[in-house]
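Examination of the molecular architecture
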Amino acid sequence: ATLFRLTFVSFVAAILSWIADILLCRELQALPLGMPYPQLHALGWHFGTCLGLLQLFCLMLLHQHCVRDGLEASVRYRAGLVPLVVATAHEP
């Protein structure tokens, strides 16, 4: 359930960052103190959808291992963000 939730949050965050970039374009280009444009589209949309697709792929892999192949599988995270599916074979 955690991986499914993270996948959903990744896609929602990606969509919201793209919408914010579109709606707040003028304000983001005129940030105070010479701060650079935050590139919400590039960082939020592309990173968020990339992470969401990786998580979605891991969900499908986890389902395949558990349901079709009958293996025990679990999800571990690298850096608390990147999922890794680990499958173990049953002992005969």
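Structure first, text after, so check above.
Bear in mind that the values here come from a model prediction, so they are computed numbers and not experimental data.

Quick notes on unusual backbone geometry
- Although it is not a glycine, Leu33 adopts a positive phi angle of roughly 60 degrees.
- Within the secondary structure layout, Leu33 lies in the loop between α2 (25-29) and α3 (40-68).
- Residues other than glycine seldom take positive phi values, yet Ala79 does so here, at roughly 60 degrees.
- Along the chain, the position of Ala79 falls in the loop between β1 (72-78) and β2 (82-88).
- The class for Ala79 is exposed, based on a relative accessible area of 82%.

Concerning a nonpolar patch on the surface
- Side chains of Phe8, Val9, Val12, Ile15, Leu16, Trp18, Ile19, Ile22, Leu23 and Leu24 sit close together on the surface and give an oily, nonpolar patch of about 950 Å² of accessible area.
- If you trace the backbone, Leu24 turns up in the loop between α1 (2-23) and α2.
- Since its relative accessible area comes to 40%, Leu24 is described here as partly exposed.

Examining the packing of α1 against α3
- α3 packs onto α1 with a crossing angle of 160 degrees between their chain directions and a minimal axis gap of 8 Å. Our classification of the angle between α1 and α3 gives roughly antiparallel. The handedness of the crossing between α1 and α3 is left-handed.

Comments concerning α3
- Compared with the 42 Å implied by 1.5 Å per residue over 29 residues, the 40 Å span of α3 between its first and last C-alpha is a close match.
- Buried residues of α3: Gly44, Gly48, Thr49, Leu51, Gly52, Gln55, Cys58, Leu62 and His65, and no others.
- Residues of α3 that are buried in the fold lie against α1, β1 and β2.
- Within two residues after α3, Gly70 carries a phi angle of roughly 70 degrees, on the positive side.

Quick word on the pairing of β2
- Here β1 runs beside β2; their pairing, made up of seven bridges, is antiparallel. The residue of β2 that forms the bridge with Tyr77 is Pro83.
- From the end of β1 to the start of β2, which pair antiparallel, there are three residues, and Ala79 there has a positive phi angle of about 60 degrees.

Here is what the cut-offs are and how they apply
- Each residue is numbered by its place in its chain's sequence as written, counting from 1.
- Where totals are concerned, whole chains, interfaces and linings use all residues; where local detail is concerned, this predicted model gives features only for residues with pLDDT of at least 70, and gives and counts side-chain atom pairs only at 80 or more.
- Hydrogen atoms and water are omitted, and side-chain values are computed over all heavy atoms in the structure.
- Think of it this way: any DSSP run of H or I at least four residues long counts as a helix, any run of E at least two long counts as a strand, and we number them from the N terminus.
- Under the scheme applied here, a residue whose accessible area is under 20% of the maximum for its type counts as buried, over 50% as exposed, and between as partly exposed, the area being computed with a 1.4 Å probe on protein chains only.
- Patch members must show over 30% relative accessible area and no salt bridge, and they are joined within 9 Å when carrying like charges or within 5 Å when they are nonpolar side chains of Val, Leu, Ile, Met, Phe, Trp or Tyr.
- All accessible-area figures derive from a Shrake-Rupley calculation using a 1.4 Å probe, and residue coverage is judged against the displayed protein chains alone.
- Here, a salt bridge means any Lys or Arg side-chain nitrogen found within 4 Å of an Asp or Glu carboxyl oxygen.
- Angles run from 0 to 180 degrees between N-to-C directions of axes, and those axes are lines fitted to C-alpha atoms, restricted for helices to the stretch in contact.
- Throughout, the term roughly parallel applies to angles under 35 degrees, roughly antiparallel to angles over 145, roughly perpendicular to angles from 65 to 115, and oblique to all others.
- Should the near helix be turned counterclockwise from the far one by less than a right angle, the crossing is left-handed, whereas a clockwise turn marks it as right-handed.
- Helices are assigned an expected span. That span is 1.5 Å times one less than the residue count.
- In what follows, a contact means two residues having at least one pair of non-hydrogen atoms within 4.5 Å.
- The rule for pairing is simple: two strands pair if DSSP sees at least two bridges between them.

Limitation: the analysis is restricted to geometry and does not speak to function.
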